[in-house]
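Structural features, examined
Chain residues, written in single-letter form:
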Amino acid sequence: KAPVFVDLDGDGRLDLVSGEGYGAFRVWQNTANGYVELTGVDNPLDGINVGIGGLSRPSFVDLDGDGQLDLVAGGLYSTTAWQSTGDIKVTILEDPGENQAPTVDSAATRSFEENGDYGAYFASATDPQDDFLTWMLGGVDAALFDINNGGVVTFKIAPNFEAPADANSDNVYDITVTASDYMYSSAAQAVAITVTDVNEAPSVTSGATANFAETGTGTVYTATGTDPENDNLTWTLGGADAALFDISNTGAVTFKTAPNFAAPADADADNVYDIIVRAFDGTLYSPVFEKLDGPADPFVDPADPSNVISFVSEFSKGADFSAPTFLDLVGDSRLDLVSGGTDGTFKVWERTDSGYVELIGAANPLNGLDAGDNSTPAFVDLDGDGRLDLVSGEYYGTFKVWQNTVNGYTELTGSDNPFDGFDAGVNFRDKSTPTFVDLDGDGRLDLVSGEYYGTFRVWQNTVNGYTELTGADNPFNLIDYTSGYFKAPVFVDLDGDGRLDLVSGEQYGTIRVWQNTVNGYTELTGADNPFNLIDNTSGFAKAPVFVDLDGDGRLDLVS
């Protein structure tokens, strides 16, 4: 409504006239007993309408100098005037005219690298009336895409160049983007999105064990692998006993000197020779993880390199739980180590030229923060101010939040905490372990948390806040305690396909892996799991994180 007051009947009292959404005019006569609505033929403005689009907004002025107030009204698309001529109402100004359709002005083609999880196409349009535009998808490959109201087109599942999913399997995905305005006038653009190839790392497919008779000659083990681009593979050796072996370009591993069971030459003299085979496609190596011990461990005490106990364990004696993460806390562009612990506090080790040095007391920017018990930190910019806020899980399954402000970290409680009321489980010891990842490709980081009984809970980050995904809407719905208790998730691209795989620790010290495929998350077991040989000998209740510790461009595992 857009009210205005005017004396319509010459009785000296100001009557009320109002516009409304459908373009007509309502009138209430000012009488001795109050305002009474005039309807039908009693309404002097009955039958007058601003036309297409509605939204009438009346005003009165004597346009022609005849002493009578004429009606001038704005509408959604025009301004119209009605001359007052006694009992006759005549439209004398412009017809509002027809709504003009928008024009799509974005390109008809787009190239997109396989495995990408960002916008595949950005539709744009102009509208003569500057109407708000909405978008729809059509075309033979439309079912493979989503489009938001901003015109951003995303693949529902990241495309694979080696396995095209478009209608004619040529890696050219054909869609139509259609822009519609308020009056449902529309314009369409046919778009061809071409998926391009990206070199991906090879994978080793041969087993993790082999037996060989002492004094024997010939091939001990044959390494095999696959490459997504079918590149020719060559092989290299690593591991504690690599110096005792040769490997050919075809993957045949042989002893340099025939082994003697009575005089084992392997590093720990137990007749089990440990090697690592890596496939190379000319550009990329197959990923492999090797445990660092002793002085090679970057978390040993630099003052005593013989001390092979990591910093986290050494300075948390009496506690049996650590939850590491890495970020630049001191602003020197080096990644510092932050760990939660059983007591609920947060310990910080600054990365210096001489190694990691613990920050104690006031030097620790997280000094005094306490999540309760079993703190599990994650850092994420929750409020878009460019500063990483601290979110922590805790023993009872909730999520504590400290906002990173110009004056330090300030806890958000109650309704100020965006995760207020969230609980990762239903038991008294749920042990939430948060991490943040964009699961649906909308550019917003969603919350994923493990919990004591082995499931993964998911809260989607929407324009209205975080909403839990349950049942089939949760992409990890089928994962439960059968793959371990006390899950601690992290997401990392292990196979170089551009999709973030799920890696999780669990109570008994193993590292579980679920590969992110075009059909969803599939667990890798046995030799397919790159962490298959990690067990409780290196600790229970693993809480893994990935970081490039040695600057070689590859992400190392810290747990």
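Refer to the structure presented above.
Summarised in this report is the structure supplied together with it. Think of each chain on its own: its residues are numbered from 1, step by step along the sequence as written. At least 70 in pLDDT is required for a residue's local features to be given in this predicted model, at least 80 for side-chain atom pairs to be given and counted, and no such filter applies to totals for whole chains, interfaces and linings, which use all residues. Where side-chain values are given, they derive from all heavy atoms of the structure, hydrogens and water being excluded.

1. Things to note about the pairing of strand β1 (residues 3-6)
- The buried label goes to any residue with under 20% of its type's maximum accessible area, the exposed label to any with over 50%, and the partly exposed label to all in between, with areas taken from a 1.4 Å probe on protein chains only. Strands here mean DSSP runs of E at least two residues long; helices mean DSSP runs of H or I at least four residues long; both are numbered from the N terminus. Burial along β1 is one-sided: the residues V4 and V6 are buried and none of P3 and F5 is.
- Judged from the four bridges that link them, β1 and strand β2 (residues 15-19) form a sheet pairing that is antiparallel. The partner of P3 across the bridge, within β2, is S18. DSSP bridges decide pairing: two strands pair if at least two such bridges lie between them.

2. With respect to a nonpolar patch on the surface
- Patch building starts from residues that exceed 30% relative accessible area and form no salt bridge, then joins like charges within 9 Å and nonpolar side chains (Val, Leu, Ile, Met, Phe, Trp, Tyr) within 5 Å. Computed by Shrake-Rupley with a 1.4 Å probe, the accessible areas treat only the displayed protein chains as cover when residues are assessed. Take a side-chain nitrogen of Lys or Arg and a carboxyl oxygen of Asp or Glu: if they are within 4 Å of each other, that pair is a salt bridge. Together, F5, L14 and Y35 make up an exposed nonpolar region whose accessible area comes to about 320 Å².
- If you trace the backbone, L14 turns up in the loop between β1 and β2.

3. Overview of the nonpolar core
- Residues Y121, F145, F155, I175, V177 and I193 are the most contacted members of the largest nonpolar core, which totals 18 residues.
- Contributing elements (two or more residues each) for this core: β15 (152-155), β16 (172-180) and β17 (186-196).
- By definition, residues are in contact when any of their heavy atoms lie within 4.5 Å. In contact with V177, other than residues within four places in its own chain, are V104, Y121, A123, W135, M136, L137, I147, V153, A187, A188, Q189 and V191. Within this scheme, the nonpolar core is defined by two criteria: the residues are buried Ala, Val, Leu, Ile, Met, Phe, Trp, Tyr or Cys, and they are joined through side-chain atoms within 4.5 Å.

4. A word on the pairing of strand β38 (residues 501-505)
- Extensive coverage of β38 is indicated by the burial of five of its five residues.
- Of the two faces of β38, both are covered, the one formed by D501, V503 and G505 as well as the one formed by L502 and S504.
- By the bridge criterion, five bridges tie strand β37 (residues 488-492) to β38 in an arrangement that is antiparallel. The residue of β38 that forms the bridge with F491 is L502.
- Across four bridges, β38 lies against strand β39 (residues 511-517) in antiparallel orientation. Within β39, the position partnered with G505 by the bridge is I511.
- The loop that links β38 with its antiparallel partner β39 comprises five residues; one of these, G509, has a positive phi angle of about 95°.

5. Looking at the sheet that holds strand β34 (residues 446-450)
- The sheet built from four strands is open, its strands ordered β33-β34-β35-β36 with antiparallel pairing. The sheet is open, and its two edges are formed by β33 (433-437) and β36 (465-469), each paired on a single side. Strand after strand, the sheet turns through a mean of 25° between neighbouring axes, direction not considered.
- Pairing of β33 with β34, which is carried by five bridges, proceeds in the antiparallel orientation. In the sheet register, P434 faces β34, and the bridge partner there is S449. Helix axes are fitted to C-alpha atoms over the stretch in contact, other axes to C-alpha atoms as well, and angles between N-to-C directions run from 0 to 180 degrees.

6. Some thoughts on the sheet that holds β1
- Across the sheet, four strands lie side by side as β1-β2-β3-β4; this open sheet has antiparallel pairing. Each end of this open sheet is capped by a strand with a single partner; those strands are β1 and β4 (34-38). Recorded for the sheet is a direction-independent mean angle of 25° between the axes of neighbouring strands.
- The pairing of strand β3 (residues 25-31) with β4 spans five bridges and is antiparallel. Bridge pairing links T31 to G34 in β4.

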